[in-house]
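# Remarks on the overall topology
The residues making up each chain are set out below.
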Amino acid sequence: MNQSLLIQNRNTNKIYECASMTESVTFTSKRTGSPGKLEFSLLKAGDLAFFEGDPVRFSVDGTLIFYGYVFTKEKDRWGVISVTAYDQTRYLLAKQAYRFVGATAEDIIRRIAKDFGLTVGALADTGYTIPYLDFGSGKSCLDIIQSALQQVTINTGKVFVFYDDAGKLSLRESGAWKSDAMIGSGSFATDYSYKTDIDSDTYNSIKLVRPNSTTGKAEVYQEQDSEKIGKWGLLQYYEQVDEELNAAQITAQAKTLLTYYDRVLRTLSIEALGVLGLRAGQMVFVNIPDLGDISLSKYVLLESVEHTFENDKHTMRLETRALSGW
């Protein structure tokens, strides 16, 4: 396994190859809420000198795994330096007020990226225009983008992942981003844990409320599954929608939400041998028979992926979730 860990000193423009100085490198990606993160420790050698904000590039066997910037350094008494670097989505944790009218998620990404001086790459066409979004200063830009993508999912049923692709902000549809790998018993997987619940992200009743400034009264639109309510009790999802939406649009939203949330949530954590290029937001085929209440043999959505490169070994930890239930 041929690793390359390059750090560029911005002050001198000198580039250091640090792979031989490290014992372990970990790259973590999450589908929502967090920037890509690279963590490594090294023992300083020669004239190595780098600082916060300096670019970091990590690749394995010619495959680029990470490109980002040093954010933290910590040195112990033995001279070992622990480093954390993030990709450019880290800058989107800044909070800023935005208001969008008749914009797509792609438009929103481009607008925010321009304001923060970030590089944009390929953005998939979500096929949906969001009528209205208004955010005060309490939300981060990353949360704003995720809120826009949530609106896309609610109205189209499609899941899109926003991520940094080697220094370029990118957007892809998860359903069309499938890995060639198969993870399962006898194929990469070394251990797993399986959890079922209706506690954290399950709803069998959807209530959407539209304010009416003319009448001063709220209009309620509701979709529910009476059979599941009888089994689980009433688990209600409540949201106020934009006044500009018409009845047909709101009803369609409620139906889509019920389809998405009206199920037992099944999550699977897998320890496995490493697969280069696999990251959160992708779909990967998982084949584990007799998992518990089901036998799993289908594509699932990767919620988080942690790659560890240590002592010439590559392992990974996956948190997986089906695109629309299992």
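Here, every reference points to the structure presented above.
In this text the structure is predicted, and so the values were computed from the model without any measurement.

### Quick word on helix α2 (residues 141-156)
In this model, α2 (16 residues) spans 23 Å end to end at C-alpha, consistent with the 22 Å of a helix rising 1.5 Å per residue. The buried count for α2 comes to 12 of 16 residues, which makes it a mostly enclosed element. The positive-phi residue at the C-terminal boundary of α2 is glycine 157, with phi of around 80°.

### Topic: the sheet that holds strand β15 (residues 205-211)
The strand order β16-β15-β17 describes an open sheet built from 3 strands, whose pairing is mixed. In the strand order of this sheet, the two ends are held by β16 (218-224) and β17 (236-240), each with one partner. The mean angle between the axes of side-by-side strands here comes to 15°, regardless of whether they run parallel or antiparallel. Inspection of the sheet shows β15 paired to β16 by 7 bridges, in the antiparallel sense. Bridging across to β16, serine 205 finds its partner in glutamine 224. Relative to β15, helix α4 (residues 247-261) is tilted by about 155°, and along the sheet it contacts β15, β16 and β17.

### Some details on the environment of leucine 118
Mapped onto the elements, leucine 118 comes out in the loop between α1 (105-116) and β9 (120-123). Taking relative accessible area as the criterion, leucine 118 reaches 13% and is therefore assigned buried. In this structure the C-alpha to C-alpha distance between leucine 118 and leucine 92, which are 26 residues apart in sequence, comes to 9.3 Å. Residues in contact with leucine 118, not counting those within four places in the same chain, are Gln88, Tyr91, Leu92, Ala113 and Leu169.

### Quick look at the pattern of salt bridges
One pass over the structure, following the stated rule, counts 12 salt bridges. The shortest N-O distance in the salt bridge between arginine 210 and glutamate 219 comes to 2.3 Å. For glutamate 219, a relative accessible area of 24% puts it in the partly exposed group. Residues participating in the shared-partner salt-bridge network are Asp225, Lys228 and Asp262.

Definitions and cut-offs
Along each chain, the written sequence defines residue order, and numbers are assigned to residues from 1. Residue-level local features of this predicted model are given only where pLDDT is at least 70; pairs of side-chain atoms are given and counted only at 80 or more, and the full residue set underlies all totals for whole chains, interfaces and linings. Computation of side-chain values: all heavy atoms of the structure, hydrogens and water removed. By definition, any uninterrupted DSSP run of H or I lasting at least four residues is a helix, any uninterrupted run of E lasting at least two residues is a strand, and each is numbered from the N terminus. Here the expected span of a helix is defined as 1.5 Å times the quantity of residues minus one. Using a 1.4 Å probe on the protein chains alone, a residue whose accessible area is under 20% of its type maximum counts as buried, one over 50% counts as exposed, and one in between counts as partly exposed. DSSP calls a pair of strands paired once it identifies at least 2 bridges connecting them. Note on geometry: axes are lines fitted to C-alpha atoms, helical ones only across the stretch in contact, with angles between N-to-C directions running from 0 to 180 degrees. Here, two residues are considered to be in contact whenever any of their heavy atoms come within 4.5 Å of each other. Whenever a carboxyl oxygen of Asp or Glu lies within 4 Å of a side-chain nitrogen of Lys or Arg, that contact is scored as a salt bridge.

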